[in-house]
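# Results of the structural survey
Okay, here's what each chain looks like letter by letter:
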Amino acid sequence: MEKYSHDIVIVGAGLAGLRAAVAAVEVNDKLDIAVISKLHPLRSHSVCAQGGTAAVMRDKDSFELHAWDTVKGADYLADQDVVEFFVQRAPREIVKMDHYGCPWSRTPDGKIDQRPFGGHSYPRACFAADMTGFHEMHALYGKATSYDKVKFYDEWFATSLLVENNTIVGLTAIDLKTGEMHAFQAKAVIIATGGHERIYEFTTFSHTTTGDGMAMAYRVGVPLEDMEFVQFHPTGLVPSGVLITEGARGEGGYLLNANGERFMKRYAPEKMELAPRDVVSRAEQTEILEGRAFTGPYGPYIALDLRHLGEEKINERLPLIRDVAIKLGGVDPVKEVIPIRPAAHYSMGGIKANIRTETPISGLYAAGECSCLSLHGANRLGTNSTAECLVFGAVAGEEAAKYVASKSFKEMPHEKIAAEEKRVFDEVLGSEGGESVPALRDEMRRLMNAKAWIYRKGDDLESALKEVRELKKRFKNIKVEDKGKAFNTGFTAALQLDFMLDLAEVTVVSALARTESRGAHSRLDYPKRDDEKWLVHTLAYYTTDGPKLEYQPVTITKWQPAARKY
Amino acid sequence: MNGEVLKVVEFKIRRYDPDEKKHYMSTYKVPIRKGTTVLDALNYIKENLDGTLTFRHSCRMGICGSCAVNINGKPMLACYTQVLDLNADSLTVEPLSNMPLIKDLVVDIQPFFQNFRKIKTTLIKPAEAFRRENEFPQSPEELKKFWDLTLCTKCAVCYSACPAAIDEKFLGPSALTANYRFIADSRDEGLEERLKPMTDNVWLCTSCNSCTLFCPKLVNCSDSVIEDRSLIVEMGAIPRTVKDVLESVMKYHNPMGTHQNKRMEWAKDLNVKTFPNVTKADVLYFVCCSTAYDIRNREIAKTMALVFGKLGVDYATLGEEEWCCGDHILRMGEKGLFEMLAEHNIEMFRKFNADKIVTLSPHCYNTFKNDKPYKDLGLNVQHYTEFLAEALENGKIKLSKPLNRRVAYHDPCFLGKRNRIYDAPRQILQSINGLELVEMKRTRESSFCCGGGAGRVWTEEAEQEKRPCVNRVKEALELGVDAIAVACPFCVTTLEDAMKVLDVENKIAVKDILELLKETL
Ligand SMILES: Cc1cc2nc3c(=O)[nH]c(=O)nc-3n(C[C@H](O)[C@H](O)[C@H](O)COP(=O)(O)OP(=O)(O)OC[C@H]3O[C@@H](n4cnc5c(N)ncnc54)[C@H](O)[C@@H]3O)c2cc1C
């Protein structure tokens, strides 16, 4: 084992991680910064973001309005100080992206163009055709790699955080190319490892979005906040789950049930297809449950109809969607409807962090989808996530850079490192049981889809919890078929499943406890929002017997909870 | 995923075990349904049949660039390829080329990404410009100038397919395109800085078009490299070898540096009609500088004349008025010179009344068909292999003598990849009695360039092992053939050079199809 030392180690090279790296060097170009990522940075999930990034860029729009939209979208569970700060910082980020070279779509007079998006009452989604995240990522990566002081560890898999006296001292990671584990010493660590949607079977997310950082933070005592809130996107392509961007509806697409009806008029007569995601997904799920969906070889589906937009507009504004529908769904949206249904799409919950992205552990920061600040509350608005990654990725970089200025490296905890080596190599890779990792993973995913999906019930969640715990036991008895050292993807799949099982458990426990319906969390047995009791954030702490829940009030600055109607 | 199993496809996968340093093949049978992608199939194998199979993947939606592999010799994204679309019962899946192997289908992508570190992948402007608090204005039209080039996912498909990339000095199609993407961006002001890292290696590109052909996002890398070169030419930062070629064309109207009055020397014993003595014929025979001047290649020109004669075709050449077609020159980035050549040739085409033009070289063929201003004329042009294949089919040529040779056909890029003429040359070879036609491992669309395109035939300076022609001849040697058949004078030159370099001239020869044909007449 070799030891690596860097002032700041960033885990994750998606939008949040890369933005943090650039922000940190910009604060202090003497700092030695490392970015560790289990994927090459450009393979990060962020490249999949399509529709846009929200920011107030016009006089007719206002911070107040963006903040209000976000708070309302969040079903009042967002911390409003975070929201207000966020909306003010977002425009700066859009301009930064432009300065790094992001090819933003433009208005005829040369400004960055904006389009409407669900839940936003002004067209404030800046976009680069329908490949927004892709272009932001390439712009950021291009910028980040222009600094010599940012060292990239591509295809290094972080396995654990090292914490002493409630202060971060480093982490352990495996160099996938060699299969060797190494210890990183750091004065500050920023976690930017993305969401955990792969705990579900039907999801829009990349295969690699397995919530590793959330689980690592949880295991060293950082609470996971609001994990019961998982967003379901209304338009996952059947059968792969690949996202058909909300932009498709933003550009005028219809949702139809099997009767050819634009059923959204019964659920959100004003906003129709552009109502917030939770509203649209629930409407679809109701149509499915009540038998008004289409039936196909891959189960029930709803039709997303773009045909009336015409070939020219589809090619100009939604080229990727057309390509994806043809290549992955076998349908050409110019001629046919696209079969879709709701898919797990965003994790509002995550590593508890404050407005400065600080976690309760000194020197440990969290940004991007893995974190919960809480900006999105019970439901995120489309295009607020990439914006969050940029705004709070930058904050994390800046804060960490300031923090390390007065700090020195700490002694590395050799016992913990040895224990981690034992866990990873002996207990996971070396396990000689009979359980197959992919089979266990699929069981977990099916279970989460069946019992912790859009509509939830106490008894379902209770049985889900039992089953997840059963799966956790069975995990101890796995066998990784591939025993090789170099680039052992069977081994990393096992490590990821181990992380995901913890996260599935936290998600179910948090959902079971919250006996109300709010935002993306819909309890059929508790269909009403209950501000009296539940205007609070869930904090799940790791214990050996499973998560222990605590609650914390929501920060309210301006907007008192009111009924949420669209 | 459920749905009906439509067929079972055999996957033959090239494996590498780095711990044991062992190369081997594994074969699996995979049930295929509508919608099953190659990545789905690989995942099916890993999760059900063999947990040790190793490959990269992430987004499964064609945007992250992780899962590129070679499928039946062609690089593509596994997640973006429907198995049913490949129309095959058996598929061979191999790792990408030109990068070191790590394990199974996983290659080390660092050399590819290293190239992006040599260029600047962010806007270049004076520092104070970045203090501006809002965006740099850019009109939709300005955006359009480089938008298509921003779609590159850095999946390394182009790098894997690139013959020039066997020399690690070459930045590769993707990085060169990324560089041009910034040059073409109206917000960028770094032109000079951007040209520097390219000047010593951009010339290695042969314009074979593999990068563009296989790009999953249809990014035109090949043309971007030409744009890069054209700016370098404008700046005058070109190596001696390139300069010599351009000067020679400027002065003599051919890259061989010989006077135009020697152009018809190849035909001195033959009775070939030429412009301006004749101003009309059924066929205008466009000979090509290489076949007209190069002593070795003159045989090819003569044979064509002989065949025209045997067929009783009314043909003529432009004689001394045939100027270099300019294909190489355009691709070396000398657009002005190309235009001058094209204008002259077009004027001659106007003066000379021909029903059709037949070219010996795929390069002349290509530029007449695909490059403005020639393209705008809608010329009726055929490559000689098309012309001959037609004649054979109509029974107009009789091949009397058998030819007992084992021959591999090398697809010239400008005939195959650029113009999809794969069958005509094979038809001719197959009609030769006794000739055994062997396919090269890299064939048709996946053919490996000889290294002669875009002027490199005259400017080659790479170390011997890093020359595409050497690589290609080695591939042919493995087949145990006694000749490589080609249908392009530049392939003749480069491959013959490689044979000299490898000292295998007594084992294997390069022959233009016309030369083989001659032996059977
Ligand atoms: C299809 C799709 C479309 C979307 N469209 C939009 C949109 O239009 N607008 C919007 O605002 N949001 C959108 N989102 C949401 C948005 O894309 C994500 O929330 C956001 O990109 C998350 O970025 P991130 O930087 O937090 O994490 P990611 O981009 O997921 O990056 C995570 C990083 O962590 C690394 N990592 C993870 N685990 C480890 C480990 N153990 N060791 C080392 N490294 C590790 C990974 O390699 C990766 O680099 C979309 C999401 C999807 C699925």
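Each value, and the rule that gives it
Residues numbered from 1 in each chain as written. Chains lettered and ligands numbered in written order. Predicted model: local features only at pLDDT ≥ 70, side-chain atom pairs only at ≥ 80, totals over all residues. Heavy atoms only, no water. Helix = DSSP H or I, 4+ residues; strand = E, 2+ residues; numbered from the N terminus. Rg over C-alpha atoms; globule rule 2.2 N^0.38 Å. Buried < 20%, exposed > 50% of the residue type's maximum accessible area, 1.4 Å probe, protein only. Contact = heavy atoms within 4.5 Å. Lys, Arg positive; Asp, Glu negative; His and termini not counted. Charge placed at Lys NZ, Arg CZ, Asp CG, Glu CD. pLDDT = per-residue confidence, 0-100. Pairing = 2+ DSSP bridges. Phe/Tyr/Trp six-rings, centres within 6.5 Å; stacked < 30°, edge-to-face > 60°. Lys NZ or Arg CZ within 6 Å of the ring centre and 35° of its normal. Near = heavy atom within 4 Å. Polar contact = N/O pair within 3.5 Å; in protein donor to acceptor, adjacent residues only side chain to side chain. Areas by Shrake-Rupley, 256 points an atom, 1.4 Å probe, with all protein chains shown as cover. Buried area = accessible area lost by both parts, 1.4 Å probe. Salt bridge = Lys/Arg side-chain N within 4 Å of Asp/Glu carboxyl O. Core = buried A, V, L, I, M, F, W, Y, C linked by side-chain atoms within 4.5 Å. Domains from an automatic or database assignment. Expected span 1.5 Å × (residues − 1). Axes fitted to C-alpha atoms, helices over the stretch in contact; angles between N-to-C directions. Parallel < 35°, antiparallel > 145°, perpendicular 65-115°, else oblique. Nonpolar A, V, L, I, M, F, W, Y, C, P; charged D, E, K, R; others polar.

### Some points on the overall build of chain B
- Along chain B, the regular secondary structure elements total 20 helices and 15 strands.
- Scaling as 2.2 N^0.38, a compact globule of 521 residues should have a C-alpha radius of gyration of about 24 Å, and chain B matches this with 25 Å.
- The principal-axis extents of the C-alpha atoms in chain B amount to approximately 70 × 65 × 45 Å.
- Residue burial in chain B is summarised as follows: out of 521 residues, 63% are buried.
- Considering only intrachain contacts with a sequence separation of at least 6, the fraction spanning at least 24 residues in chain B is 73%.
- Within chain B, one finds 71 positive and 72 negative side-chain charges whose respective centroids are separated by 2 Å.

### With respect to the confidence of the model for chain B
- Confidence along chain B averages 96 in pLDDT terms, with 99% of residues attaining 70 or more.
- Prediction confidence for the complex, expressed as pTM and ipTM, is 0.96 and 0.95 respectively.

### Considerations on the sheet that holds strand β8 (residues 280–286) of chain B
All names here are of chain B.
- Ordered by their spatial adjacency, 4 strands build an open sheet running β9-β8-β10-β11, and the pairing between neighbours is parallel. Either end of the sheet is taken by a strand with one partner, and the two such strands are β9 (315–316) and β11 (381–383).
- With 3 bridges connecting them, strand β10 (residues 353–359) and β11 associate as parallel partners. Bridged to T359 within β11 is H383.

### As for the packing of aromatic side chains
- Across all of its chains, the model carries 39 aromatic pairs over all chains by this definition.
- Ring centres 6.1 Å apart and planes at 65° place the aromatic pair B:F286 and B:F349 in the edge-to-face group. A residue pair is termed long-range when its members are at least 10 positions apart, and B:F286 in strand β8 and B:F349 in helix α13 (residues 335–351) qualify at 63 residues. Each member of the pair, B:F286 as well as B:F349, is classed as buried.
- Members of the aromatic cluster, connected to one another through ring pairs, are A:Y141, A:F152, B:F112, B:F113, B:F116 and B:Y159.
- The ring of A:F409 carries the charged tip of A:K187 above its face, separated from the ring centre by 4.8 Å.
- Against the face of A:F202 rests A:R341, its NZ or CZ located 4.7 Å from the ring centre.

### Concerning the site of the ligand
Residue and element names in this part refer to chain A.
- Close to the ligand lie 39 residues, the nearest being S44, S46, E369, S385 and T386.
- In this structure, G52 approaches the ligand through a main-chain N or O atom, which is 2.8 Å from a nitrogen atom.
- Measuring from a nitrogen atom of the ligand, one finds a side-chain N or O atom of R380 at 3.1 Å.
- Considering the ligand on its own, with 1,000 Å² of exposed area, one finds that the protein chains cover 98% of that surface.
- Within the residue set of the shell around the ligand, elements represented by two or more residues are α1 (15–27), β2 (33–37), β7 (156–164), α5 (212–219), β15 (338–347) and α11 (384–404).

### Focus on the interface of chain B and chain A
- Contacts between the two partners involve 67 residues from chain B and, on the opposite side, 69 residues from chain A.
- Approximately 5,200 Å² of surface area, both sides summed, lies buried where chain B meets chain A, with 54% of it carried by carbon and sulfur atoms.
- Viewed at the interface, chain A and chain B are joined by 5 salt bridges.
- Of the charged contacts in the structure, one is a salt bridge between B:D108 and A:K177, with a shortest N-O distance of 2.7 Å.
- Scanning the region where chain B abuts chain A turns up 31 residue pairs in polar contact (both at pLDDT 80 or more).
- Elements represented by at least two residues in the side of chain B that touches chain A include exactly α1 (38–49), β6 (101–103), α2 (110–118), α3 (140–147) and α5 (173–183) of chain B.

### So, unusual backbone geometry
- The amide bond that connects A:L373 to the next residue, A:S374, takes the cis arrangement and shows omega of -5°.
- Counting through the fold element by element, A:S374 comes out in the loop between β18 (371–372) and α11.

### A word on the nonpolar core
- Counting 367 residues, the largest nonpolar core has A:I8, A:V189, A:I338, B:F11, B:W266, B:F368 and B:L388 as the members making the most contacts within it.
- Here this core gets 14 residues from one element, more than from any other, and that element is helix α15 (residues 489–513) of chain A.
- Once residues within four sequence positions are removed from consideration, A:I338 is found in contact with A:L237, A:I244, A:I302, A:A303, A:L304, A:L306, A:I321, A:A325, A:V331 and A:P333.
- Ranked by size, the runner-up nonpolar core spans 5 residues in total, among them A:L162, A:V169, A:M412 and A:I417.

### Things to note about the environment of A:F117
All names here are of chain A.
- Its location among the elements puts F117 in the loop between β4 (114–115) and β5 (125–126).
- Distance in space between the C-alpha atoms of F117 and A258 is 26 Å, their sequence separation being 141 residues.
- Here F117 is in contact with G51, G52, A125, T245, E246, G247, R277, G382 and T383, once residues within four sequence places are set aside.

### Some words on the pattern of salt bridges
Residue and element names in this part refer to chain A.
- What the rule picks out here adds up to 103 salt bridges over all chains.
- Between R266 and E287 there is a salt bridge, with the nearest N and O atoms lying 3.2 Å from each other. Note that R266 is positioned in helix α7 (residues 264–267) and E287 in helix α8 (residues 277–289), a separation of 21 residues in sequence.
- Residue R266 is classed as partly exposed on the basis of its relative accessible area of 41%.
- Residues E316 and R317 are paired through a salt bridge, measuring 3.6 Å at the closest nitrogen-oxygen approach.
- Judged by relative accessible area, R317 falls into the partly exposed class, the value being 23%.
- Through salt bridges with shared partners, one network takes in D75, D226, E228, D278, R282, R514, E516, R518, R529, D531 and R564.

### Observations concerning the domain arrangement of chain B
All names here are of chain B.
- What the domain assignment lists for chain B is domain 1 (5–107), domain 2 (110–235), domain 3 (251–390) and domain 4 (397–518).
- At the interface, 17 residues of domain 2 touch 19 residues of domain 4.
- Buried area between domain 2 and domain 4, summed over both chains or domains, comes out near 1,400 Å², and the portion from carbon and sulfur atoms is 59%.
- Counting the surface domain 2 buries against domain 4, the share from its top three residues, I166, T206 and L213, is 35%.
- Taken together, domain 2 and domain 4 are joined by 1 salt bridge.
- Note that E168 and K466 form a salt bridge whose closest N and O atoms lie 2.9 Å from each other.
- The interface formed by domain 2 and domain 4 includes 5 residue pairs in polar contact (both at pLDDT 80 or more).

### Quick word on α15(A)
Residue and element names in this part refer to chain A.
- For α15, which comprises 25 residues, the first-to-last C-alpha distance of 36 Å matches the rise-based estimate of 36 Å (1.5 Å per residue) to within 8%.
- Across the 25 residues that make up α15, a large majority, 23, are buried.
- At the N-terminal boundary of α15, the capping side chain belongs to N488, with an oxygen 3.1 Å from the backbone nitrogen of G490.

### A few points about the sheet that holds β5(A)
Residues and elements named next belong to chain A.
- The 3 strands lie next to each other as β3-β5-β4, forming an open sheet whose pairing is antiparallel. The open sheet has two edge strands with one neighbour each: β3 (53–54) and β4.
- Where β4 and β5 come together, 2 bridges link them in antiparallel fashion. Considered in β5, the bridge of Q114 is made with C126.

### Observations concerning the pairing of strand β1 (residues 5–17) of chain B
Residues and elements named next belong to chain B.
- The pairing of β1 with strand β2 (residues 22–33) spans 12 bridges and is classified as antiparallel. Bridge pairing links I13 to S26 in β2.
- With antiparallel pairing between neighbouring strands as the criterion, β1 and β2 make up a hairpin whose turn holds 4 residues, including K21 at a positive phi of roughly 50°.
- Judged from the 4 bridges that link them, β1 and strand β5 (residues 90–94) form a sheet pairing that is parallel.

### What to know about the side chain of B:D411
Residue and element names in this part refer to chain B.
- For D411, the location among the structural elements is in the loop between β12 (406–409) and α16 (423–430).
- For D411, a relative accessible area of 1% translates into the label buried.
- Reaching out from D411, the side chain makes a polar contact with the backbone nitrogen of R444 at a distance of 2.8 Å.
- Apart from residues no more than four positions distant in its own chain, D411 is found in contact with Y422, R426, T443, R444, S447 and R472.

### A short note on the packing of helix α18 (residues 468–478) of chain B against helix α19 (residues 489–502) of chain B
Residues and elements named next belong to chain B.
- Where α18 contacts α19, the two axes come as close as 8 Å, and the packing angle between them is 75°. Between α18 and α19, the interaxial angle falls into the category roughly perpendicular. Where α18 approaches α19, its residues C469, V470, R472, V473 and K474 are matched on the opposing element by T494, L495, A498, M499, V501 and L502.
- Class assignment of the residues belonging to the contact of α18 with α19 gives a composition of 8 nonpolar, 1 polar and 2 charged.

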